[in-house]
Every structure is written in structure tokens, then in C-alpha cells.
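# Fold and geometry: a report
Here is how the chains run, residue by residue.
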Amino acid sequence: MQAWLDSLLALLALPQYGLSTLFIAAFISATLLPVGSEPALFGLLKLNPELFWAAIGVATAGNTLGGIVDWWMGYAAHKVADKYSHSKHHMRVLNWLERLGPKACLLAWLPLVGDPLCAVAGWLKLSFWPCVIYMAIGKFARYVTMTVALLHIWPN
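Source: prediction; values computed, not measured. (Residues numbered from 1 in each chain as written. Predicted model: local features only at pLDDT ≥ 70, side-chain atom pairs only at ≥ 80, totals over all residues. Heavy atoms only, no water.)

## Let's talk about the layout of surface pockets
As a volume, the largest pocket reaches approximately 390 Å³. In this structure, the largest pocket is lined by 23 residues; those nearest its centre are Ser29, Leu110, Pro111, Leu112 and Asp115. Of all the elements in the fold, those that place two or more residues in the lining of the largest pocket are helix 2 (18-30), helix 7 (114-123) and helix 8 (128-153). Across the lining of the largest pocket, the residue classes break down as 13 nonpolar, six polar and four charged. (1 Å grid on protein atoms, 1.4 Å probe; cavity = no way out; pocket = protein on both sides within 12 Å on 5 of 7 lines; lining within 4 Å. Points joined across faces, edges and corners; volume = space filled by probe spheres on them. Helix = DSSP H or I, 4+ residues; strand = E, 2+ residues; numbered from the N terminus. Nonpolar A, V, L, I, M, F, W, Y, C, P; charged D, E, K, R; others polar.)

Next up, the structure:
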């Protein structure tokens, strides 16, 4: 078991497989699992600063793809969740999301609420491609902002 784990960790290790590892971390962090991809992005860029835009692009793509999975999960769960749609708080949030429409997915980058927001967008059957575009814009802005801030705080 230990040999298998060591070989898996060697396969996913930064920097040799950095972009693929970053993609996987970003994808998983967009699901409802409590995983953050920023440490992987920051670590990769500390080791390979020349990969800045490639890493931002890969992290954005992986995180957006994870958001798409959340959207589809919400879309598929629509019938299951209908039985809980009678609370006042629930109705207020749904009305807010319906008013904003796909633009609400700009907030997909927020901790704790961003990933469920993508699922709720699917549950509400908000337009798929506009949601994906807004998710990607929000996630791209988050990665650029967080990475620039972290690299400014810890330059060496």
C-alpha cells in the first residue's frame, strides 16, 4: 500500500506534473468537497514563475469544469429539492437568483457559497452557457487576484 501511495504522490508531484495536478486540484475544489486549489497554484508558481498565465488558465479551466459539474448536479436534483421549496428563506434566495439570472454565477468564486450557487443555478435551470461564461469570469478574476496578492506578500 505504501509503495502504491508513494508512486501516486510521485506522479502528482509538483513541478514535474504541476499543471495536471493543478487542474485536478482546481476541479475538485469546485465541487462541494472542502479542498482549496490556491495552495497548489501558489506552490507551482513559486517553483515555476514563468508558468503564471498557463497556470492561471489551467486553474480557471479546472475550476470552471467543476462548476459545470455542480450545475448539472443541481439540474438533476431539481425534482428532489422541490419538496423543500416552501420556506420563506428558501423562496427569498431563489427569487434573488432568478432576478440575477446567470450573472449570479459571477459569485461562484466565493468560499462556502460559490459551489452550491452553481448547483442552484442548474436546479433553477438557468441558461447553461451564460452560467458557464460568468463562472469562468469570476473564477479567473479570483485566481488572478489571489495569485498576484500571494506573490506580492511572499515574493521569494
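There is more to say, and it comes next.
## Side note on the packing of aromatic side chains
A complete count under the given rule lists nine aromatic pairs for this structure. Measuring from centroid to centroid gives 5.0 Å for Trp71 and Phe128, while their planes differ by 70 degrees, and the two rings are edge-to-face. Of this pair, Trp71 sits in helix 4 (residues 52-76) while Phe128 sits in helix 8, and the two are 57 residues apart along the sequence. Under the relative-accessibility criterion, Trp71 is labelled buried at 4%. A relative accessible area of 19% means that Phe128 is categorised as buried. Aromatic pair Phe128 and Trp129: ring centres 4.8 Å apart, planes at 75 degrees, arrangement edge-to-face. Judged by its relative accessible area of 58%, Trp129 falls in the exposed class. Put simply, the rings of Trp71, Trp72, Tyr75, Phe128 and Trp129 touch in pairs and so form one group of aromatic residues. For the cation-ring pair, Arg142 lies above Tyr143, with the distance from its terminal atom to the ring centre recorded as 4.3 Å. (Phe/Tyr/Trp six-rings, centres within 6.5 Å; stacked < 30°, edge-to-face > 60°. Buried < 20%, exposed > 50% of the residue type's maximum accessible area, 1.4 Å probe, protein only. Lys NZ or Arg CZ within 6 Å of the ring centre and 35° of its normal.)

## Topic: helix 6 (residues 88-100)
Helical geometry: 3.6 residues make up each α-helical turn, so side chains three or four residues apart lie on a common side. Over its 13 residues, helix 6 runs 19 Å from end to end, which matches the ideal 18 Å to within 8%, given 1.5 Å per residue. In the stretch just after helix 6, Gly101 is the one whose phi turns positive, near 70 degrees. (Expected span 1.5 Å × (residues − 1).)

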